[in-house]
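Coordinate analysis (summary)
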Amino acid sequence: MGRNCLIWVVLLAFGASQVSAERDAPSFENDVRPVLKAHCFHCHGEGEELASGLDLRLKRFIQTGGDSGPAIVPGNSNESLLVEYLTSGVMPPEGTELRPSQQEIQRIKEWVDSGAVVLNDEPESLPSGFYVTEQEKKHWAFQPITSPSPPMVNGTVDNAIDQFLLSKLEAVGLGLSDRASRTRLIRRAYLDLLGIPPTPEQTDRFIADQRPDSYSRLIDELLTHHAYGERWGRHWLDIAGYADSEGMADADAVRSQAYRYRDYVIRSINSDKPYDRFVIEQLAGDELASLPFKNMNAETIDLLTATGFLRMAPDGTGSGSPNTNIASNAVMSATIKTVSTSLLGLTVGCAQCHNHRYDPISQEEYYQFRAIFEPALNWNSWKTPQQRQISLYTDADVARSAEIEAEAAKILEERETKQAEYIAATFEKELAKLPEEVREPLREVHATPAGKRTPEQEALLQKHPSANVTAGSLYLYDQKAADDLKSYSDRATELRGTKPVEGFLRALTEPADTTVPETFVFFRGDIDQPKQAVQPGELRVLSSADSTIPANDTSLPTSGRRLNYAKWLTSGEHPLLARVIANRIWMHHFGTGLVNTPGDFGILGAKPTHPALLDWLATELMTNGWSVKHLHRLIMTSRAYQQSSKRNAQGQEKDALQQLIWAMPVRRLESEVVRDSILSIVEKLSASAYGEPVPVMADRTGQWVIGQENLNAGRPGAVVDMKGDQYRRSIYIQVRRSRPLAVLETFDLPELAPNCTKRAKSTASTQALMMMNSSFVVEQSESFADRLITAQSESENQLKLGWKLAFSEEIPADVLEISLQFLADTKAEFVEANPEQEMVDELSHRHALALFCQAMFSSNQFLYIE
């Protein structure tokens, strides 16, 4: 807590000094226009009508004024109507979200008093409506990606990343920290790339390997491990907004086929599929695939599965939404947010109802961007999730299913024949027990279908119920016959169970050879107020000569809009795609991105701490076949990544926030890694990969836990055997929006709104309580103790092995001494409390050792990557 307070003091001091410096020369471009754009332009400059004749887009316009005269008097804020209206709350009106803050108003006042300075020459004329300034066009993220040369530095390094970092460190008298120990390095690498810690054997082998390239060999080895795709697939699923349920409605309908997209992501990452191809397939896989989508080969299935990326948005249109038009447009809106924040690092969705208040994105451009996806997500011809499913059944599957059904029908025919024989024989037996005079009439009744019997026949049957032998009552007369008939039914059922299972793809496809729907700008985002039609297009600040998107590509059976956009996006000329993913990869290795707002590279987003390094990484990615594994190798073999996480006084004094990376940042494990690491250590983690998700249900206390729901009259029934699936990796656990798994939720699951570009990092008492009281943690701590007892007979050796399993290093001598004393004291307390307990020595030792294991699981050393 003390360290956090220090950080805030430094922040406030830094902020105060910056404000003091800036207030010497406030300018229209830096201080005033951003505030007016966010709060006032929609009425005074960018709207269809100019309210009160006042245009606030240029300082010259403000000084000229509107219907009430000049809005400012440079040098005198007290005589300036703009300041008066802002201060009094007249405009924008009090009580609205459009009100600027008091600090912003004060800044405008200071600007007027200092002479209303502008930094650049203003244009002589300005067309009405949306206007992008030269300063906005020059925003760093909108500039072409450069290929900077690594700077010269004093330190001796052989990795360009270190050169970029050292150039800034040396400028303030700092350098990189010493290398971390090999035990810290291997644990760091395993957790970063695989999401599980190394075994003692793996640690020992690495430490014993004295070859100069042993560390780089380790990285190469880990990048070929299947768990790599599961670890890094989870990162991508966050930004894709992956979920196994639709959301939007209380029912939260399950997406039974969504897991195929999750598996596609894992396979793609493991194979190091070039990132440009990865993006193209997800945006337009269906436009790459061959029609028709029947009898599909593996490649076509893969391409269609990839478009699940565009089907991850919450979608309540299949759950009886009262207004399908509103619900379908909500899906489109969420999809655009996912695409733009994940791939572009821009909040394009903020321009849906009005021009973006901060970034140079007009409302019209939002709908031009939307037009790229409209043909496949046509709200005027909407398809529910069920209607969008693509069957994986082939003609061969259909034929085989028909063959099996014919065989099953034959068995059931035999059953019908046999059943008729049994009923007839049983009827005659029962008839023989009745008086002679009723036998023939009853035969007539028996031969007459139930619905055609006369009242007299019904009365006769009621008088002699034993003669009412039917298929439903046969077992009452002849159990052996009933059992024989059941065997026929069982055989047919078993045979039908061998039919090829019809799977489906949750994919996005665009109807072929149909009229392309028009896209309209919706006034204030209201679908009932369409305005002008627009054509598909890239955002203007990102456009180039190569960014034109045809409205209808005649070379394709579809409009081709998404495919053409994807090709432009991955052309190498787009200023954002490579930067955004390079920054994201850096973030997952260092805890913080070079841009600390990975989903917002816009005006309000953080500026890059090392812009040249970011561009160099982006260039490295593109020029090396868009290989993500190549970036991993570069980053993880840098001295920066391998340095110790230990802080020092000089670094704290000059860069307390560690933005210059003079030591390796300490990072808390994500929730999934905490669970998976625990299961790995106790040797329970299942290696089972891919396939349907592990279900989540409510336990008797109402917590969401792993399990197959088995309700009996609304109450939990018998526990269903999960057959080991409860120990699968966390990426395979069902992500149901309304059912966050309790053991994961505590440590900050991704908030899908509709996707998650950066997870929250909270420190809360509930996390400590979960590690103390969770049945999962308690049970696995006991399993950990059992493993140690099985492996080693002596307490000292058990503690040594446990420490190495949990922390990948030898237990320090003083810690070992304290831990042995803890075991002795805890055992004594247990024996004293349970004097009559059988096998009390064994039980007390297991109890004490389990508590020690739980303490290790709960420690910062386990929960953080150093």
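The structure presented is a predicted model; accordingly, all values stated were derived computationally and were not measured. (Residues numbered from 1 in each chain as written. Predicted model: local features only at pLDDT ≥ 70, side-chain atom pairs only at ≥ 80, totals over all residues. Heavy atoms only, no water.)

Secondary structure summary: the protein chain contains 36 helices and ten strands in total. The principal-axis extents of the C-alpha atoms in the protein chain amount to approximately 125 × 75 × 50 Å. Within the protein chain, the fraction of its 866 residues that count as buried is 50%. Within the protein chain, counting contacts between residues at least 6 apart in sequence, those at least 24 apart form 70% of the total. (Helix = DSSP H or I, 4+ residues; strand = E, 2+ residues; numbered from the N terminus. Buried < 20%, exposed > 50% of the residue type's maximum accessible area, 1.4 Å probe, protein only. Contact = heavy atoms within 4.5 Å.)

Right, let's talk about the nonpolar core for a bit. Ranked by size, the top nonpolar core spans 123 residues in total, and within it Trp236, Tyr261, Tyr275, Leu283, Leu343 and Trp586 carry the most contacts. The biggest single contributor to this core is helix H24 (residues 577-590), with eight residues. Residue contacts for Leu343: discarding those within four places in its chain leaves Trp236, Tyr275, Val279, Leu283, Phe309, Leu569, Leu576, Leu577 and Val580. Among the nonpolar cores identified, the runner-up in size contains 42 residues, and Phe784, Leu788, Leu799 and Ala848 belong to it. (Core = buried A, V, L, I, M, F, W, Y, C linked by side-chain atoms within 4.5 Å.)

Okay, the side chain of Arg506 next. Among the secondary structure elements, Arg506 is positioned in the loop between strand S2 (504-505) and strand S3 (519-522). Engagement of the side chain of Arg506 in a polar contact is seen with the side chain of Glu246, the distance being 2.8 Å. For Arg506, the side chain forms a polar contact with the main-chain oxygen of Arg311, separated by 3.0 Å. Once residues within four sequence positions are removed from consideration, Arg506 is found in contact with Glu246, Arg255, Gln257, Ala258, Gly308, Arg311, Met312, Asp315 and Pro385. (Polar contact = N/O pair within 3.5 Å; in protein donor to acceptor, adjacent residues only side chain to side chain.)

Right, let's get into helix H32 (residues 775-791). Helix length check: H32 (17 residues) gives 24 Å between terminal C-alpha atoms against 24 Å at 1.5 Å per residue, within 8%. By the burial criterion, the buried members of H32 are Phe776, Val777, Gln780, Ser781, Ser783, Phe784, Ala785, Arg787 and Leu788. Regarding H32, its N-cap is Ser774, as a side-chain oxygen of that residue lies 3.1 Å from the backbone nitrogen of Phe776 further along. (Expected span 1.5 Å × (residues − 1).)

To continue, consider the packing of helix H8 (residues 182-193) against helix H9 (residues 200-208). For any two helices packed against each other, one specifies the inter-axial angle together with the distance between the axes. Relative to each other, H8 and H9 sit at 125 degrees, their axes nearing to 10 Å. Considered as vectors, H8 and H9 are oriented oblique to each other. H9 is crossed by H8, and the crossing has right-handed handedness. For the pair H8 and H9, contact is made by Arg182, Thr183, Ile186 and Tyr190 and by Gln202, Thr203, Phe206 and Ile207, respectively. Split into classes, the residues belonging to the contact of H8 with H9 amount to four nonpolar, three polar and one charged. (Axes fitted to C-alpha atoms, helices over the stretch in contact; angles between N-to-C directions. Parallel < 35°, antiparallel > 145°, perpendicular 65-115°, else oblique. Left-handed = near helix turned anticlockwise from the far one by under 90°. Nonpolar A, V, L, I, M, F, W, Y, C, P; charged D, E, K, R; others polar.)

Our next topic: unusual backbone geometry. The linkage connecting Leu291 with the following residue, Pro292, adopts the cis geometry, with an omega of -10 degrees. Mapped onto the fold, Pro292 is located in the loop between helix H13 (275-288) and helix H14 (298-306). Pro754 follows Ala753 through a cis peptide bond whose omega is -10 degrees. If you trace the backbone, Pro754 turns up in the loop between helix H30 (742-745) and helix H31 (765-773). Although it is not a glycine, Asp513 adopts a positive phi angle of roughly 55 degrees.

Moving on, we come to helix H23 (residues 561-569). The element H23 is largely enclosed, with a buried count of seven among its nine residues. All buried positions along H23 are accounted for by Arg561, Arg562, Leu563, Tyr565, Ala566, Trp568 and Leu569. Of the surrounding secondary structure, the elements contacted by the buried residues of H23 are H13, helix H15 (324-344), helix H16 (363-373) and H24.

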